[in-house]
Amino acid sequence: MTDPAQTAVEEPVPPSGHPGLTTAQVAERVSRGEVNDVPVRSSRSTTEIVRANVFTRFNAIIGVLFLVILVVGPIQDGLFGFVIVANTAIGIIQELRAKKTLDSLAVIGESKPTVRRNGTAAAIPTGEIVLGDTIELGPGDKCVVDGEILEADGLEIDESLLTGEADPVLKKPGDKVMSGSFVVAGGGAFTATKVGREAYAAQLAEEASRFTLVHSELRTGISQILKYVTWMMVPTALGLIISQLVVQNHDWREAVRRVIGGIVPMVPEGLVLLTSVAFAIGVIRLGRKQCLVQELPAIEGLARVDVVCLDKTGTLTEGGMDVTELRPLSGADESYVHQVLGAIGQSDPRPNASLQAIIDAYPAADGWHSTEALPFSSARKYSGAALGGPDGEESTWLLGAPDVLLPDGDASLAEIDDLNAQGLRVLLLARTERGLDDPRVAQGVRPAALVILEQRLRPDAAETLGYFAEQDVAAKVISGDNAVSVGAVAGKLGMSGAENPVDARRLPSDRDEMAAVLEDGAVFGRVSPQQKRDMVAALQSRGHNVAMTGDGVNDVLALKDADIGVSMGSGSEATRAVAQIVLLNNSFSTLPSVVAEGRRVIGNITRVATLFLTKTVYSVLLAILVVCSQVPYPFLPRHLTLLSTLTIGVPAFFLALAPNKERAKPHFVRRVMRYSIPAGVIAGAATFVAYLLARHYYTGPGSLDAETSVATLTLFIVSMWVLAIIARPYTWWRIALVLAMAAGFLIVLVTPWLQTFFALKLVGTTMPWAAVGIAVVASAVLEVVWRWVGKRFPV
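How each quantity is defined
- Residues numbered from 1 in each chain as written.
- Predicted model: local features only at pLDDT ≥ 70, side-chain atom pairs only at ≥ 80, totals over all residues.
- Heavy atoms only, no water.
- Pairing = 2+ DSSP bridges.
- Helix = DSSP H or I, 4+ residues; strand = E, 2+ residues; numbered from the N terminus.
- Contact = heavy atoms within 4.5 Å.
- Axes fitted to C-alpha atoms, helices over the stretch in contact; angles between N-to-C directions.
- Buried < 20%, exposed > 50% of the residue type's maximum accessible area, 1.4 Å probe, protein only.
- Lys, Arg positive; Asp, Glu negative; His and termini not counted.
- Salt bridge = Lys/Arg side-chain N within 4 Å of Asp/Glu carboxyl O.
- Phe/Tyr/Trp six-rings, centres within 6.5 Å; stacked < 30°, edge-to-face > 60°.
- Parallel < 35°, antiparallel > 145°, perpendicular 65-115°, else oblique.
- Nonpolar A, V, L, I, M, F, W, Y, C, P; charged D, E, K, R; others polar.

Strand pairing in a sheet is mediated by backbone hydrogen bonds. Such pairs are either parallel or antiparallel. As summarised here, the arrangement of the eight strands in space is β9-β22-β21-β20-β10-β17-β19-β18, forming an open sheet in which the pairing is mixed. The strands lining the two open edges of the sheet, one partner per strand, are β9 (291-293) and β18 (502-503). With two bridges connecting them, strand β17 (residues 474-478) and strand β19 (residues 523-525) associate as parallel partners. Counterpart to Ile478 in the pairing with β19 is Phe524. Of the strands in this sheet, β9, β20 (546-550), β21 (564-568) and β22 (581-583) are in contact with helix α10 (residues 297-304), which crosses β21 at around 105°.

Note that Lys476 resides in strand β17. Within the buried core, Lys476 has no salt-bridge partner, and the shortest N-O distance to an opposite charge, that of Asp520, equals 7.2 Å.

This brings us to the packing of aromatic side chains. Taken as a whole, this structure holds eleven aromatic pairs when the rule is applied. Relative to Phe468, the ring of Tyr467 lies with its centre 5.7 Å away and its plane at 70°, an arrangement referred to as edge-to-face. Comparing Tyr467 with Phe468, the two get one shared label, buried. An aromatic cluster is built from Tyr336, Trp368 and Trp397, whose rings are joined through pairwise contacts.

The full count for this structure, using the stated rule, is 25 salt bridges. Where Arg32 meets Glu28, a salt bridge forms, and the shortest distance between an N and an O atom there is 2.6 Å. Judged by relative accessible area, Arg32 falls into the partly exposed class, the value being 45%. With a shortest N-O distance of 2.7 Å, Arg116 and Glu151 are connected by a salt bridge. Placement of the pair is Arg116 in strand β2 (residues 114-117) and Glu151 in strand β5 (residues 146-158), with a sequence separation of 35 residues.

Time to look at the packing of helix α17 (residues 511-520) against helix α18 (residues 529-541). Direction vectors running N to C along α17 and α18 enclose 90°, while the axes themselves pass 8 Å from each other. The angle between α17 and α18 places the two elements in the roughly perpendicular class. Residue-level inspection shows Arg511, Met514, Ala515, Leu518 and Glu519 of α17 in contact with α18, the latter providing Asp534, Met535, Ala537, Ala538, Leu539 and Ser541. Each residue belonging to the contact of α17 with α18 can be placed in one class, and the counts come to seven nonpolar, one polar and three charged.

Okay, here's the thing in structure tokens:
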């Protein structure tokens, strides 16, 4: 195996650091199979996709019926079998395309931990880590395997995703570290002691390091519908079998064909297919926009969201910052402050965006060195360093949020509030007489300077916030920064409610009271990581579907608990691991595309589900009426295959993939059934009335074929009206689609060889026109009932 260090950017290991394994040691461990080979997939395997599309309950039913038709013939009555094969093939191909897109995006977004080998550090894929590797850690890094700490510099690890304990754990050399945990502050390195399936997270089925399973109302609803259909099918099919064998006792082949003709349309075989295809094509479309959907129903979930919680840094603002001004306090010497800031910057090997701006503005001066460091923590809101100066002077400094380090009422806070109101970020440099390991290190500090930073607004943020406002999706900015500063940034982006920011330190702890404040407010500052999680839970307790966006390690807990977690591709490894959606291009403006894609899927599947369930309802009703009347079933399988193709199959495929901007609505099953049941009953009743009239009108040889043709014409016209209603609101292509399906049926009626193939021939003029009249009346009734249902049973 090629040493990954040869293909990655190499960095020298600090002199005191462990050099890691050699190339020979790595090769030896690989040969023994001691590799971190746990497959972390963003999609189902090819085998799983084929199995899920082929081995379904309804495919089994249709397959058996198809084999029976092959025995009794003719082949045109087995057309439904070929339709199932085509549907299954389409489903497999589309899911494989989606898998290819997902897998390629997953490779782009895959985390690559920094591993030391041959005395150098390089980023390598997680799957290439071997037992005994030395892995470096920094803020936001996820522990990908189990291990033992070798080096620790203020290393704090959050194990809450594994243990439920919210407080970070301070780690020292010799301590154990578990895969699935992540670094919240500090840095260090550890040795891999368990890799692959022996690692802790792997033994928990990767629950901690993988995304939370997203609830899909569509999938749940369709499963519920299929359960109802199965309950209806079994007794109805048994009654149909018995009645047709009795009625057609002189011709068992004809009886079998008509029994199968009654059973096949009860199966909504294309509904599951179109749902899978709609999700798959959604993944492909979003993939082209560099949006990684880690689980298909996440598209649906974001479309149902009515509250979006946004982290300011990395979402509304870009990651980088610039130092715009330095204001010394209490007579501090400005050049001395420059040197202190340079030394503090040098003390942190993994600076955050604020400290990086300070490093860029104030390079390290000669003679300064750090003897101890306290890494920045979003819970503390400050970092620190113990410094040695060029003249031998030793001092301890803190750099962080002024309103956290200074006591209430301090004279500097008014000045700081004015700066925050301009949308500027302000850090306080202060000297402390206490040690960095003292829990009270921030008490009684002596202010030395204010460091004023300007944040870079994302150019697309205002437009995206405007989109959510138009769509009645409430946006909540939840940030660890000063509330006034966050409000000013949100105000520059035109966000409603930004003028009244709320300091989260004053939020009530009671969930109901907190939810009330959250629903009224729009901007919240000084929010701790645990508070972010509590705020998501409070909003959910009020029935809201909550999405959380973020890129920092302080967002992980809230991302995991939210209904939908959205991470930036440049975010920390831990946030990408728990998010359902990763924006690889780091563009907040991609979110409206995800919402639109979800709405397309939900709205269109609701439409086509109504089509499929209407067919199931009228098929069951016709079977019941036939059993009760003891007459031959009016259709052969070929007739219903033709009707299903023209009124459901082909149009449903186009409608399922069409643009749709309707806001997602809940209660999928109720909304589908309230229309499909009356539509199916009207269609079935009208068809049976026309069939009974035809049975009284036609006599002699060939009468059954004439009766079947009249019933087929009636059912086609009523089904076309159902399609015409479903296709609303009309566009040119929807009208063309409906007209094309009608034209297809007319071609069958006037083409001699198609008449013979489908056993369709209208005899005389009286009954065909009577069938048209019955269908027109039924369509008018259907239109009235459809509108009445919409008003009487709103959802």
